[in-house]
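These are the residues of each chain, in order.
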Amino acid sequence: MKNDFEEKMADIMIGEAVTALLDEDVPISWAVLADRLRAAIEHETDEDRVRARLRAIEEVRREMHIRAGEKTGVASADGLSSQKLH
């Protein structure tokens, strides 16, 4: 049950970050999304939302590795991809 809650919260955090980036008309990439999630943690006071953001960052980083591996055949060394999402 807890994992479902944490997974849903992580999805919400990703959605909030993407929405904010779209509202600001910022080009969205995996790296920008991860940076936005990381920066939001600094201002977060709710412990559940902090954990959700950390989980969201891990999900984004995992996706970055997968996408980088699909493009080049291997994941990038630093885990960051400039591949644009929007």
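Residues numbered from 1 in each chain as written. Predicted model: local features only at pLDDT ≥ 70, side-chain atom pairs only at ≥ 80, totals over all residues. Heavy atoms only, no water.

1. Describing the overall build of the chain
In terms of regular secondary structure, the chain is built from three helices and zero strands. Ordered by position in the sequence, the α and β elements of the chain form the string α-α-α. Per-residue burial for the chain yields a buried fraction of 28% across its 86 residues. Contacts in the chain between residues far apart in sequence, at least 24 positions, make up 54% of those at least 6 positions apart. With an accessible surface of roughly 5,600 Å², the chain has 53% of that area assigned to carbon and sulfur atoms. (Helix = DSSP H or I, 4+ residues; strand = E, 2+ residues; numbered from the N terminus. Buried < 20%, exposed > 50% of the residue type's maximum accessible area, 1.4 Å probe, protein only. Contact = heavy atoms within 4.5 Å. Areas by Shrake-Rupley, 256 points an atom, 1.4 Å probe, with all protein chains shown as cover.)

2. Comments concerning the side chain of Glu-59
Relative to the helices and strands, Glu-59 resides in helix 3 (residues 47–72). For Glu-59, a relative accessible area of 19% gives the class buried. Excluding anything up to four places from it in sequence, Glu-59 contacts Ala-10, Asp-11 and Ile-14.

3. Here's the deal with the confidence of the model for the chain
Looking at the chain as a whole, its pLDDT mean stands at 85, while 81% of the residues score no less than 70. Helix 2 (residues 30–41) holds the highest mean pLDDT among the elements of the chain, 95, whereas helix 3 holds the lowest, 90. (pLDDT = per-residue confidence, 0-100.)

4. Topic: unusual backbone geometry
Here the phi dihedral of Asp-25 falls at roughly 60°; this positive angle occurs in a residue that is not glycine. Note on placement: Asp-25 falls in the loop between helix 1 (2–23) and helix 2.

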